[in-house]
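This is what each chain is made of:
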Amino acid sequence: MVTLLDCIERIPSVIENILQKQEEAFAPFMAYVKGKTAQIDEIVFIGSGTSNTVAMTSWPFVEKVSGIRTKVVLPNDYIREGSVYNPHALHVFTSQTGTSKVVCKVMEKLSAKGYLCVSMTEADTTVLAKNSPSHICLNCGKEEYGQRTIGYTASVLNHMLLALRLGLAKGTISRQQYEAYQADVAKVPDSHRVITEQTKVWYKQNQRQLMRSRCIVFTGAGSLYGVALEAAVKFWEMPQVISMGYELEEGLHGPNYGYDYPHCVIVLNDGGEESDKALSLARYMKEVFHNGLAVGTVVVDDRDLKLDIKSGEFACLEFSAVHQVTAYLLTQDGGRDLTKRADHSVMNSYFKTHG
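Here's what I pulled together on the structure shown here. By convention here, each chain's residues receive numbers from 1 onward along its written sequence. For this predicted model, a pLDDT threshold of at least 70 governs which residues receive local features, and a threshold of 80 or more governs which side-chain atom pairs are given and counted, while totals over whole chains, interfaces and linings are taken from all residues. Heavy atoms from the whole structure form the basis of all side-chain values; hydrogens and water molecules are not counted.

## Concerning the side chain of Gln22
To keep things clear, this is the line we draw: Where helices and strands are cited, they refer to DSSP runs of H or I of at least four residues and of E of at least two residues respectively, numbered from the N terminus. The buried label goes to any residue with under 20% of its type's maximum accessible area, the exposed label to any with over 50%, and the partly exposed label to all in between, with areas taken from a 1.4 Å probe on protein chains only. Distance and chemistry together define a polar contact, namely a pair of N or O atoms within 3.5 Å, with one atom able to donate a hydrogen and the other to accept it when in protein, and with adjacent residues in sequence counting only for side-chain atoms on both sides. In this analysis, two residues are considered to be in contact whenever any of their non-hydrogen atoms come within 4.5 Å of each other.
Locating Gln22 in the fold gives a position in helix H2 (residues 22-32). On the basis of relative accessibility, which here comes to 6%, the residue Gln22 falls in the buried class. Separated by 3.1 Å, the side chain of Gln22 and the backbone oxygen of Leu19 make a polar contact. In this view, Gln22 contacts Leu161, Arg165, Tyr178 and Gln182; residues no more than four positions away in its chain are not counted.

## Things to note about the pairing of strand S4 (residues 116-121)
Filter applied, for reference: Should DSSP find at least two bridges between two strands, the strands are regarded as paired.
The buried fraction of S4 amounts to 6 of the 6 residues, a majority that puts the element mostly inside the structure. Neither face of S4 is exposed, since Leu116, Val118 and Met120 on one face and Cys117, Ser119 and Thr121 on the opposite face are all buried. Pairing geometry for strand S3 (residues 89-94) and S4, over 5 bridges, is parallel. Within S4, the position partnered with His91 by the bridge is Cys117.

## So, helix H11 (residues 275-289)
For clarity, the cut-off: Expected helix span is taken as 1.5 Å per residue step, with the number of steps being one fewer than the number of residues. Arc, as used here, means the arc of the directions from the helix axis to the C-beta atoms.
With 15 residues, H11 should cover 21 Å at 1.5 Å per step; its first-to-last C-alpha distance of 21 Å lies within 8% of that length. Inspection of H11 places Ser275, Ala278, Leu279, Leu281, Ala282, Met285, Lys286 and Phe289 among the buried residues, and these make up the whole buried set. Buried residues along H11 cover an arc of 160° about the axis, so they all sit on one side. Exposed side of H11, more than 90 degrees from the buried face: Asp276 and Glu287 are the residues found there. Of the surrounding secondary structure, the elements contacted by the buried residues of H11 are strand S6 (215-220), strand S8 (263-269) and strand S9 (292-296).

## Let's talk about the state of the cysteines
Note the threshold: When the sulfur atoms of two cysteines come within 2.5 Å, that pair is taken as a disulfide.
Counted under the stated rule, the structure contains 0 disulfides. Unpaired in terms of disulfides, Cys117 finds its nearest cysteine sulfur in Cys104, a separation of 12 Å. Given the relative accessible area of 0%, Cys117 is considered buried. Cys215 carries a free sulfur, and the closest cysteine sulfur to it, the one in Cys264, is 9.1 Å from it.

## Notes on the sheet that holds S8
The following threshold applies: All axes here are fitted lines through C-alpha atoms, helices being fitted over the stretch that makes contact, and every angle between N-to-C directions spans 0 to 180 degrees.
The strand order across the open sheet formed by 5 strands is S7-S6-S8-S9-S10, and the pairing between neighbours is parallel. Since the sheet does not close on itself, it has two edges, and those belong to strand S7 (242-247) and strand S10 (305-306), each with one partner. Examined bridge by bridge, S6 and S8 share 5 bridges and lie parallel to one another. Each bridged residue has a counterpart across the sheet, and for Phe218 the counterpart in S8 is Ile266. The sheet contacts of helix H8 (residues 188-212) involve S6, S8, S9 and S10, and relative to S9 the element is tilted by about 170°. Sitting on the sheet, helix H12 (residues 315-333) is in contact with S6, S8, S9 and S10, with an inclination near 135° to S9.

In structure tokens, the structure reads:
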């Protein structure tokens with residue numbers, strides 16, 4: 001029986017496969033936008049659930065490298081009549097299974113208007129892929145669990161690779177810069193393997209603290225905001241713990257008044273310009289409520305998880321291993337068996353999001 005931990009530990013090989021097949025995967029898309037890249041003045045990421053947190057993670061890098069204004073929207077934001085659409089935007093629809101109903105509906109609506117639309121799904125045979133003007137295969141393979149870990153990492157990576165190709169085509173980045181980014185992302189698989197093992201040890205050290213907390217809050221800046229959002233989703237999906245994700249600054253504007261002893265705040269810190277602020281929050285939760293943890297390149301004490309990030313601006317792919325492994329281990333210790341097939345028949349009798 002394949003466990004969800006097996007899926008997480010498969011992620012490095014999936015990344016290696018994506019990097020190996022990227023030329024083939026992106027060739028149809030580059031042919032689709034050939035001669036049109038100059039007119040693209042906006043990239044719009046459209047997706048639900050994990051596909052939304054994927055875009056929240058990738059967009060800072062996408063905007064920087066492509067040189068194109070980028071935004072993230074929920075599909076329902078684009079389904080209403082009367083919305084104003086940008087005819088010069090590239091609309092990117094992400095759905096791992098390619099069966100998200102509202103995502104498919106929005107794609108059909110915008111492509112019918114003649115707008116540039118590309119989908120990203122796990123295979124060329126998905127419903128969304130077959131109905132899209134252009135498609136990029138995520139090359140993540142089939143994932144055994146609905147709590148997506150492989151799909152999240154694979155989708156973030158493909159968003160970032162899309163940006164590199166557009167940036168090179170538009171001249172936003174040079175060939176030398178492109179190759180440097182490719183060299184950086186190639187470091188992710190080995191680093192991910194190391195961080196996965198580190199996290200197992202770190203979890204054991206903090207197991208009691210995590211299990212006794214009524215709520216777990218993740219916070220981070222930049223791309224780590226997206227990682228924090230996805231971490232909150234995974235903690236809700238797997239161990240079924242009340243969880244939230246905040247952008248670092250926003251987590252200090254209101255939520256800070258609500259933090260208390262039962263709330264574990266996990267601060268994600270890449271050592272960038274927001275590092276001092278991140279460490280201040282971690283120290284506050286540690287010293288006042290005895291329930292704060294830091295994860296990243298700069299931490300507070302030996303209860304934290306210090307990471308040796310290898311991939312530069314692809315750090316979000318390395319950080320994501322931490323919450324995925326931690327959520328799984330917390331699920332196991334909480335007594336929930338993810339290998340048992342869930343019966344969603346009652347829920348599906350009320351609503352169904354995929355079909």
